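Geometric and topological summary
Take a look at the letters that make up each chain.
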Amino acid sequence: MIEVYSSVRRNCRRTVFRELTNLYPTYACKQHNEAFELMKSTCGYSENRIPDLEVATRFLKERTGFRLRPVAGQLAPRDFLSTLAFRVFCCTQYIRHPGEPLYTAEPDICHELLGHVPMLSDPTFAEFSQEIGLACLGAPDEYIEKMSSLYWFTVEFGICKESGKLKAYGAGLLSSFGEMKHAIESNEAQRLPFDPHTMAEQKYSLVGYQNIYFYPNSFEEAIRKVRDYATSIPKPFQLSYNPYTEKIEVMTKQEETTRCVRNIQAELDRLQKAVKNRLDV
């Protein structure tokens, strides 16, 4: 789907691209920067060109299996978060108001393509995002609110440790000229270790900069802790994502559980052989 933008909106997007890309080498995490450079060569990311969502989707699909789904505006938290379980990301297409090119209170195409898409092309971060979606399927309403907070402080406004330095990985930071620097450098911002239980209860601001951020030492640590947190969500069933069929399987029967265990065992066997082959080299 190709969206037609006015020259004013295109100029706004050009300003956003130019200002943000000047900051990425210093403030963005390596996963974002590596993917961003790749997308410039394969998807046509540039100051003068807005890539079509279909092009970005093909790139994501090849890298991590994620797909972009165009939407007209923001969805309800349960609807939005649940799509992540299927490796689908709901994406807006409008460009922020030209009067405020370096800030938008709502997600726009700059936020999606410059912030979310590069991160979703990283396999580990894509897995982390899907874990949030899986945790939301079948969760009670009060836990959807908690998972929304967890999503906010990670996928949207997350920072991480990288070689001992703080870097931005949340799309809300990667698409905000001012808050990216604020999150990393400001003495007014509080930065705490990654703790899903604390993050799920933490209130956040929908306007203005955040006053608190949370950082994991690695995305692997974040995945492990989110999975642990998800076990505290009361559900009558357990879920498993089948990457071959791209469907969610509800493990309510013995045969379904047995098949899932068998698939995991097969993956472990292949992994052990791969490790052995490397050691034999």
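To keep things clear, this report deals only with the structure shown in the data block. Bear in mind the structure is a predicted one, so any value in this text is a computation, not a measurement.

1. A few points about the environment of Asp79
Mapped onto the elements, Asp79 comes out in helix H4 (residues 77–84). Looking at Asp79, the relative accessible area reads 46%, which means it is partly exposed. In sequence terms Asp79 and Gly133 are 54 residues apart; their C-alpha atoms lie 9.7 Å from each other.

2. Comments concerning the pattern of salt bridges
Opposite charge on two side chains lets them pair, provided their charged atoms get close. Taken as a whole, this structure holds eight salt bridges when the rule is applied. Notably, a salt bridge pairs Lys225 with Glu221, separated by 2.8 Å at the nearest N-O pair. Note that Lys225 and Glu221 are positioned in helix H11 (residues 219–230) at a spacing of four residues, about one turn of the helix. Lys225 sits in the partly exposed class, given a relative accessible area of 24%. Judged by its relative accessible area of 13%, Glu221 is buried. Within this structure, Lys61, Arg67 and Glu246 form a network of salt bridges that share partners.

3. Looking at the packing of H4 against helix H6 (residues 123–136)
In contact at an axis separation of 6 Å, H4 and H6 are set at 125 degrees when each is read in the N-to-C sense. On the basis of the axis angle, H4 is oblique to H6. Considering the relative orientation of H4 and H6, their crossing is left-handed. In this structure, H4 uses Arg78, Leu81, Ser82 and Leu84 to contact H6, whose residues at the interface are Ser129, Gln130, Ile132, Gly133 and Cys136. Among the residues making up the contact of H4 with H6, the classes are represented as four nonpolar, four polar and one charged.

4. Observations regarding the packing of H4 against helix H7 (residues 141–156)
Interaxial distance between H4 and H7 falls to 10 Å at its minimum, and their mutual angle equals 65 degrees. Overall, the two elements H4 and H7 adopt an arrangement that is roughly perpendicular. In the packing of H4 onto H7, the handedness of the crossing is left-handed. Facing H4, whose interface residues are Pro77, Arg78, Phe80, Leu81 and Leu84, H7 presents Asp141, Ile144, Met147, Ser148 and Tyr151. The residue inventory of the contact of H4 with H7, partitioned by class, reads seven nonpolar, one polar and two charged.

About the cut-offs
Residues numbered from 1 in each chain as written. Predicted model: local features only at pLDDT ≥ 70, side-chain atom pairs only at ≥ 80, totals over all residues. Heavy atoms only, no water. Helix = DSSP H or I, 4+ residues; strand = E, 2+ residues; numbered from the N terminus. Buried < 20%, exposed > 50% of the residue type's maximum accessible area, 1.4 Å probe, protein only. Salt bridge = Lys/Arg side-chain N within 4 Å of Asp/Glu carboxyl O. Axes fitted to C-alpha atoms, helices over the stretch in contact; angles between N-to-C directions. Parallel < 35°, antiparallel > 145°, perpendicular 65-115°, else oblique. Left-handed = near helix turned anticlockwise from the far one by under 90°. Contact = heavy atoms within 4.5 Å. Nonpolar A, V, L, I, M, F, W, Y, C, P; charged D, E, K, R; others polar.

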